[in-house]
Amino acid sequence: MNIYEGNFKNNNYHIAIVASKFNEIVTHHLVDGAIATLKQFGILEDQIDIYWVPGAFEIGFTANKLLNSNNYDGIMTLGAVIKGETDHYSMIIQNVTNAIMQMNLKAEVPITFGILTTENIDQALQRSGLKAGNEGSSTAQSLLEMISLNKQIR
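Quick caveat: nothing in here was measured; it's all calculated off a predicted structure.

Before going further, it helps to examine the nonpolar core. Among the nonpolar cores identified, the biggest contains 22 residues, and Ile15, Ile17, Val26, Leu38, Ile43, Met76 and Leu78 are the most heavily contacted of them. Secondary structure elements with two or more residues in this core: strand 1 (15-20), helix 1 (24-40), strand 3 (74-82), helix 4 (121-127) and helix 5 (135-153). Top element by residues in this core is helix 1. It accounts for 6 residues. Every residue in contact with Ile15, bar those within four places of it in the chain, is listed here: Leu38, Ile43, Gln47, Ile48, Asp49, Tyr72, Gly74, Met76, Leu143, Leu144 and Ile147. Ala56, Tyr72, Ala107 and Val109 belong to the second largest nonpolar core, which has 21 residues in total.

Our next topic: the sheet that holds strand 1. Here 4 strands make up an open sheet; going across it, the order is 2-1-3-4 and the pairing parallel. Each edge of the open sheet is held by one strand with a lone partner, namely strand 2 (48-53) and strand 4 (111-118). Ignoring strand direction, the axes of neighbouring strands in this sheet form an average angle of 15°. Inspection of the sheet shows strand 1 paired to strand 2 by 6 bridges, in the parallel sense. Across the sheet, Val18 pairs through a bridge with Tyr51, a residue of strand 2.

Rules and cut-offs
Residues numbered from 1 in each chain as written. Predicted model: local features only at pLDDT ≥ 70, side-chain atom pairs only at ≥ 80, totals over all residues. Heavy atoms only, no water. Core = buried A, V, L, I, M, F, W, Y, C linked by side-chain atoms within 4.5 Å. Buried < 20%, exposed > 50% of the residue type's maximum accessible area, 1.4 Å probe, protein only. Helix = DSSP H or I, 4+ residues; strand = E, 2+ residues; numbered from the N terminus. Contact = heavy atoms within 4.5 Å. Pairing = 2+ DSSP bridges. Axes fitted to C-alpha atoms, helices over the stretch in contact; angles between N-to-C directions.

The following block contains the structure:
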């Protein structure tokens, strides 16, 4: 029996972070958490490129362009979509999720999903590092594991 799983032994990866500026009080915490985790596992600042986009909807376009550039070992998406009083929330998150999933299924490198979907700003702040952990950090760790696993599968 052969068992494959990602590990954190290699730190020679070039990583892209695509982050939404919308709800930036939250997304800056997510990006900070992601960077701290990447550094913890030996990724240097010059191995990380951050692309700030206006909102969550633009994450898919930018991630797809980066994917097609073949310059990265993995791509991380970070954002916060907070429910409001209209259907806009549902339409945005459904389309962003679908776009990232479709890219992931066809991509040669992993794309991780770190987009918060919350009922209110307090929940988003909690999940971006106040009390409930930092989703940016978790997403970075998942990306490193998936990059490692992906390189084993090739």
